[in-house]
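# Geometric and topological summary
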Amino acid sequence: MGSPPRSIKKSAATVVSALLFLFLVHGANCFYLPGVAPEDFLKGDPLKLKVNKLTSIKTQLPYSYYSLPFCAPKKIVDSAENLGEVLRGDRIENSPYVFKMREPQMCTILCRITLDGKSAKQFKEKIDDEYHVNMILDNLPLVVPVRRLDQESRTVYQLGYHIGIKGQYAGSKDEKYFIHNHLAFTIKYHRDLQTGSARIVGFEVKPYSIKHEYEGKWSKNTRLTTCDPHNKRTVVNSNTPQEVEAKKEIIFTYDVDFQESDVKWASRWDAYLLMSDDQIHWFSIVNSLMIVLFLSGMVAMIMLRTLYRDISRYNELETQEEALEETGWKLVHGDVFRPPSNSDLLCVYVGTGVQFLGMILVTMIFAVLGFLSPSNRGGLMTAMLLLWVFMGILAGYATARLYKMFKGTEWKKVILRTAVMFPAIIFAIFFVLNAIIWVQKSSGAVPFGTMFALVLLWFGISVPLVFVGGYIGFRKPAIEDPVKTNKIPRQIPEQAWYMNPVFSILIGGILPFGAVFIELFFILTSIWLNQFYYIFGFLFLVLVILLITCAEITIVLCYFQLCSEDYLWWWRSYLTSGSSAFYLFLYTTFYFFTKLEITKLVSGLLYFGYMLIASYAFFVLTGTIGFYACFWFTRLIYSSVKID
C-alpha cells in the first residue's frame, strides 16, 4: 500500500484526469478511446517496456512486479494511473529491458541474482499460486500464444506468462520449483512503405526455464555457454530448467525478435479480443434473446386482451346493483393508492435505482460506441464512478417526486438518506474487503489517498447534486392519484397459496434472471479468470431485454394481485423484479464452486464480498424498473374506468 503523501498526490491527479475523461473525447475509433493516437517508430527508436501487476486466478490478489526480487532498473518509476486502474490494482512501472525498434537481440543478459531463503520462499509461493507476470509495450499487453489442438490448430492468447512451473526430475518423485528466467519476445509491427516508420501491432512471449552456465568467474563481459549470440546458440526448450532454491544463482536473459505483420494498427486488438468459444457465446446469446422475446410477446398479448375485456365490462356496468357486485381489481380502487408502510425507505430505494439506471445506460452507450474498450485500462470503472456521481441529480429528483406524492413534508431527511444510504453500505463492504487485501500486502489494496478521493467525489459532488435534484423535484406540483383514497383501509381477503407474497416475489425474479444468466457467465469469466470482455453490443441488447422482462413480469403479477383484492402492491412490485438479485447471487455461488479454483479463505471472502455488492446493485436496479412499471400500469388502468 502506497504512503499517504504519494497516494494523495496521485489520487488528486487521477480525479482530475477522470473528470476530463468525459469531456476530452473526440474522433471515435472502433477499439480505442477516441483521442489516443498511434505512435510511429523508426528503426533504432527505443521502445519502453513496462511491467504491471502479478495476477493469479487462484488467489485474486494482485501484487506489484517488484514485490518479487526480479531484475530492477536503477530507479523504479511509477506510471500515471487513472482512478479505474488504481481500483483494479494495476501498478505500472518501468523495467530494465532495453528494446530498439526492428533491432533483434539474442540472449541478452538482464541480471544475475542469488536467492536467499526469503526470496526463494516468495518465488515458490507465487509459483504454487500460478501467478502470471504482466507487461505492456505501446499499450499492448504481453500475451503467450497457445495452440488449441481441438480447434484446427487455432491460436488463442493467454494474458501474461507464468512466473514458473512445478515439476520433477526424471527418476525422482520430489516435486521441484522452476522459474522462467529466459523470455523470447516477439514484437509484431506494421510498416508504412512510404515513410519507413512502423507501428507495433503485437507483443508475444515464449517463456523458458534454463540453468545458464558460464566459464570462469562472473564479470560484465561473461559469455554464457548455454546461450551465446556469437555462436548463434539460443534457448529453444526447458530441458535443463533453473531450480528455485536458497543460495541458487539465477541468470535472467531474453531474446527479441521482430516480425512484420499485415495487421493494421486499428485492428491490433482483434486477436486479443477473440474468445476461444465465441461460437457458443453468440449462439447462447441469440437463443436467450429469442426465448425472452417470445415470452415477452406472449405476456403482452395476454395482458392486452384481458385488460381490454375488464375495462369494457366495468364501463358497461349501469345499475347500482351491478356496481355493488363488481369484483376484481376495480373493487380496491379506494385503497390502491394508499401510501405504503415505510414509504420513506421506498422513496430512497427508488431514487437510488434511478441513479443506477442512468449510470448503466450512459455507460453502455459509451461502451457500444467504443469509448470504453479493454485498450483503455481502467476506463470502464472510471466512467462508471463518475457517472454515478453525476447521476445523483436524478436520484434526488425521483425521490422527491415520489415522496411529495406520499404527502411527505421532511424532504431534506429523505434526500439525505438517498445521498448516503446505498453508497454507505457499498463503501462499508468495500472498506472491509480493502482492509483484508491490505493485510495480505497486495497491490490491489486501494491507497489512503484514493479512498480520500472517492469520499471527496461522494460528499463533494454526489451529495450536493442529490440535494439539487431533490429541491427541483419537491418544487414541482405533486402527482395526483387518478382515484380518491378511502379514509378507512379495506380488509384484504384471504389469499390463495400461490398469491403468498414470498412465493410470488420469488417466482417474479426467475424470468429477469433468465434473461441475463448466459451473458453473466461471460462477465464473471472476464472478471475472475482474467479475460477480456468486449461484446458490449450484445450486452446492451441483454440490458434492454432485462428491463422489458422486469417490467412485464411485475405488471402481470401486480395484475393478479389486484384481481385477488390485495392492494399492497408498492413494496411487492419492487421486490418482485428485485428478487432476480437473489438468483444472481445463487448463480455466482454455483460459479465459484464449479468454475474457479480458489482455495484460500481470503480469496473466497473477496469473491463473495464483491458478488454481494454486485447482487445488491442488481436488486436496486431491477426493483426500480419493476416498481415504475407497476406504478405506470396501476395509474393507467384506474384512470381508464368510471369510478362513481
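Cut-offs applied
- Residues numbered from 1 in each chain as written.
- Predicted model: local features only at pLDDT ≥ 70, side-chain atom pairs only at ≥ 80, totals over all residues.
- Heavy atoms only, no water.
- Phe/Tyr/Trp six-rings, centres within 6.5 Å; stacked < 30°, edge-to-face > 60°.
- Helix = DSSP H or I, 4+ residues; strand = E, 2+ residues; numbered from the N terminus.
- Buried < 20%, exposed > 50% of the residue type's maximum accessible area, 1.4 Å probe, protein only.
- Lys NZ or Arg CZ within 6 Å of the ring centre and 35° of its normal.
- Patch = residues over 30% accessible without salt bridge, like charges linked within 9 Å, V, L, I, M, F, W, Y side chains within 5 Å.
- Areas by Shrake-Rupley, 256 points an atom, 1.4 Å probe, with all protein chains shown as cover.
- Salt bridge = Lys/Arg side-chain N within 4 Å of Asp/Glu carboxyl O.
- Disulfide = S-S within 2.5 Å.
- Expected span 1.5 Å × (residues − 1).
- Pairing = 2+ DSSP bridges.

### Quick word on the packing of aromatic side chains
- Under the criterion given, the structure shown has 51 aromatic pairs.
- When the centroid spacing of 6.3 Å and the interplanar angle of 65° are considered together, the rings of Trp 571 and Tyr 574 count as edge-to-face. On the criterion of helical spacing, the pair formed by Trp 571 and Tyr 574 is a turn pair, its members being three residues apart in helix H15 (residues 570-578).
- Using a relative accessible area of 0% as the deciding quantity, one classes Tyr 574 as buried.
- Each ring, one from Phe 627 and one from Phe 631, has its centre 6.0 Å from the other, and the planes form 10°; the classification is stacked. Here Phe 627 and its partner Phe 631 are both found in helix H17 (residues 601-638), four residues apart, which amounts to about one turn of the helix.
- Phe 631 sits in the buried class, given a relative accessible area of 10%.
- Counting every residue linked through ring pairs, the aromatic cluster contains Tyr 349, Phe 356, Trp 388, Phe 422, Trp 571, Tyr 574, Tyr 616 and Phe 619.
- Against the face of Tyr 63 rests Lys 126, its NZ or CZ located 4.3 Å from the ring centre.
- The residue whose ring lies beneath Lys 126 is Tyr 131, and the NZ or CZ to ring-centre distance is 5.5 Å.

### Notes on a nonpolar patch on the surface
- A cluster of nonpolar residues, Trp 497, Tyr 498, Phe 503, Ile 507 and Ile 510, forms a patch on the protein surface that exposes about 550 Å² of accessible area.
- The exposure class of Ile 510 is partly exposed, given its relative accessible area of 43%.

### Quick word on the state of the cysteines
- According to the stated counting rule, one finds three disulfides in the structure shown.
- Through a disulfide, Cys 558 is tied to Cys 630; the S-S separation comes to 2.5 Å. Disulfide Cys 558-Cys 630: the torsion about the S-S bond is 65°, which places it as right-handed. Of this pair, Cys 558 sits in helix H14 (residues 536-563) while Cys 630 sits in helix H17, placing them 72 residues apart in sequence. Cys 630 carries the same exposure label as Cys 558, and that label is buried.
- Unpaired in terms of disulfides, Cys 563 finds its nearest cysteine sulfur in Cys 558, a separation of 9.5 Å.
- On the basis of relative accessibility, which here comes to 29%, the residue Cys 563 falls in the partly exposed class.

### Structural notes on the environment of Leu 394
- Among the structural elements, Leu 394 can be located in helix H9 (residues 392-405).
- Sequence separation between Leu 394 and Gly 470 is 76 residues; the distance between their C-alpha atoms is 8.4 Å.

### Comments concerning H17
- In a regular helix each residue adds 1.5 Å, so 38 residues correspond to 56 Å; H17 covers 54 Å between its end C-alpha atoms and thus fits that length.
- Summarising burial for H17: 27 of the 38 residues are buried, a large majority.

### Description of the pairing of strand E6 (residues 132-137)
- Burial analysis of E6 places six of its six residues in the buried class, the great majority of the element.
- Residues His 132, Asn 134 and Ile 136 of E6 are buried on one face, and the alternating residues Val 133, Met 135 and Leu 137, pointing to the opposite face, are buried as well.
- Where strand E2 (residues 49-55) and E6 come together, five bridges link them in antiparallel fashion. Each residue of the ladder has a partner; that of Lys 50, found in E6, is Ile 136.
- Pairing geometry for E6 and strand E10 (residues 161-162), over two bridges, is antiparallel. Looking at E10, one finds that His 132 is bridged to His 162.
- Between E6 and strand E7 (residues 140-141), which pair antiparallel in sequence order, lie two residues; one of them, Asp 138, sits at a positive phi of approximately 50°.

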